Amino acid sequence: MVHQIDVPRPDDAARVGRTQLTAWLQTYPDTGAGIDEAWIREHRGSAVTAEGIAQWREFIEETVREPDQSFCRVVRSGAEIVGFLCGHRAGVVTLGPMYLVDEAQGRGTGGRLMDEFLAWAQDAPIRLWVTEYNERAIRFYERYGFRTTGERELWRGRLPNVRMSREPGA
């Protein structure tokens, strides 16, 4: 299936929320961290609720109003959204969230998304959080010049994240 990268429309908000939840369910279960489907649905299930969809719609609309400050691209596969990458600019650029569902990975789509994001970010320093045990994502970011900073957080008391950054010219 062909993956098309596109600017999201406000009516994509529900599909983006579903993609986010699907990607979490595929990526983050980890018995050692105590993260299972129930925990994910409790902490990320809101992405598919009316409130979560409204938040996505608001963010998508913001990217249209302020394209220099907010970035978002979706990956379409037919009528479905199978991934997305978003970011914000406020001094430094923050990358995230970025997700591709399993069936969209390994086809160069993530690299194409990252190329668009880096072109948008220009030479600004970029920061992101990535889950410590998501080794595939860490390797992906390292290929684009990101390095771990040593900063850590435990999101919602369980999900171990590490900070990565990319300096100008990386």
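None of these values were measured; they are calculated from a predicted model. Starting afresh in each chain, residues are numbered from 1 along the sequence in its written order. Reporting in this predicted model follows two pLDDT cut-offs: at least 70 for local features of residues, and 80 or more for side-chain atom pairs to be given and counted; totals over whole chains, interfaces and linings ignore these cut-offs and use all residues. Side-chain numbers come from the whole structure's heavy atoms, not from hydrogens or water.

1. Brief notes about helix α2 (residues 37-44)
Here is step 1: Residue burial is assigned from relative accessible area. The probe radius is 1.4 Å, only protein chains are included, and a residue is buried under 20% of its type maximum, exposed over 50%, and partly exposed in between. Only DSSP runs of H or I covering at least 4 residues are called helices, and only runs of E covering at least 2 are called strands; the numbering of each starts at the N terminus. Of the residues making up α2, those classed as buried are Trp39, Ile40 and His43. Each buried residue of α2 lies within a common arc of 100 degrees when the element is viewed along its axis, so the set occupies one face. Every exposed residue of α2 that faces more than 90 degrees away from the buried side is listed here: Ala38 and Glu42.
Here is step 2: In this structure, the buried side of α2 is in contact with α1 (13-27), β6 (147-155) and β7 (159-166). Summarising the geometry, the arc corresponds to the directions from the helix axis toward the C-beta atoms. We call two residues in contact whenever any of their non-hydrogen atoms come within 4.5 Å of each other.

2. Brief notes about the environment of proline 8
Here is step 1: Relative to the assigned elements, proline 8 resides in the loop between β1 (4-6) and α1.
Here is step 2: Remark: the alpha-carbon pair of proline 8 and leucine 118, spanning 110 residues in sequence, is separated by 18 Å.
Here is step 3: Aside from chain neighbours lying at most four places away, what touches proline 8 is Ile60, Cys72, Arg73, Val74 and Arg76.

3. Comments concerning the environment of glycine 32
Here is step 1: With respect to the helices and strands, glycine 32 occurs in the loop between α1 and α2.
Here is step 2: Distance from glycine 32 to arginine 158, taken between C-alpha atoms, is 9.8 Å for residues 126 residues apart in sequence.

4. Focus: the packing of aromatic side chains
Here is step 1: Side-chain rings of Phe, Tyr and Trp (the six-membered ring for Trp) are treated as a pair once their centres are within 6.5 Å; stacked means planes under 30 degrees apart, edge-to-face means over 60, and tilted covers the remaining angles. Across all of its chains, the model carries 13 aromatic pairs by this definition.
Here is step 2: Judged by centre distance (5.4 Å) and plane angle (40 degrees), the rings of phenylalanine 71 and tryptophan 120 are tilted. Taken together, the residues span a long stretch of sequence, with phenylalanine 71 in strand β2 (residues 70-77) and tryptophan 120 in helix α4 (residues 109-121) at a distance of 49 residues. An identical accessibility class is assigned to phenylalanine 71 and tryptophan 120; each is buried.
Here is step 3: Put simply, the rings of Trp24, Tyr28, Trp39, Trp56, Phe59, Phe84, Tyr99 and Trp155 touch in pairs and so form one group of aromatic residues.

5. Overview of the nonpolar core
Here is step 1: The criterion is simple. A nonpolar core is a set of buried Ala, Val, Leu, Ile, Met, Phe, Trp, Tyr and Cys residues joined through side-chain atoms within 4.5 Å. Judged by nonpolar contacts, the single largest core of 28 residues is most densely connected at Leu95, Met114, Phe117 and Tyr141.
Here is step 2: Going through the elements one at a time, β2, β3 (80-90), β4 (92-100), α4, β5 (126-131), α5 (135-143) and β7 are the ones with two or more residues in this core.
Here is step 3: Top contributing element to this core by residue count: α4, with 6 residues.
Here is step 4: Ignoring any residue separated from it by four or fewer positions in sequence, one finds phenylalanine 117 in contact with Phe71, Leu85, Cys86, Gly87, Val93, Thr94, Leu95 and Ile126.
Here is step 5: By size, the runner-up hydrophobic cluster in this structure holds 21 residues, among which are Tyr28, Ile35, Phe59 and Phe84.

6. A short note on the sheet that holds β1
Here is step 1: By definition, two strands form a pair when at least two bridges between them are found by DSSP. Across the sheet, which stays open at both edges, the 7 strands sit in the order β1-β2-β3-β4-β5-β7-β6 with mixed pairing between neighbours. Looking at the sheet topology across the chains shown, the edges are occupied by β1 and β6. The mean inter-strand angle of the sheet, taken between neighbouring strand axes irrespective of direction, is 25 degrees.
Here is step 2: Two elements, β4 and β5, share 2 bridges in a ladder whose sense is parallel. By the bridge assignment for β5, threonine 94 is matched with arginine 127. Simply put, an axis is a line fit to the C-alpha atoms, just over the touching stretch for a helix, and the angle between two N-to-C directions goes from 0 to 180 degrees.

7. Brief notes about α1
Here is step 1: The span expected for a helix works out to 1.5 Å for each residue beyond the first. An ideal rise of 1.5 Å per residue puts 21 Å on 15 residues; α1 measures up with 21 Å between its terminal C-alpha atoms.
Here is step 2: Within α1, the full set of buried residues consists of Ala13, Val16, Gly17, Thr19, Gln20, Leu21, Ala23 and Trp24.

8. A look at the pairing of β7
Here is step 1: β7 sits mainly inside the fold: 8 of its 8 residues count as buried.
Here is step 2: Where β5 meets β7, 6 bridges bridge the pair, whose relative direction is antiparallel. Note that in β7 the partner of isoleucine 126 across the bridge is arginine 166.
Here is step 3: Sheet analysis places β6 next to β7, joined by 6 bridges and oriented antiparallel. Looking across to β7, one finds that leucine 154 is bridged to proline 160.

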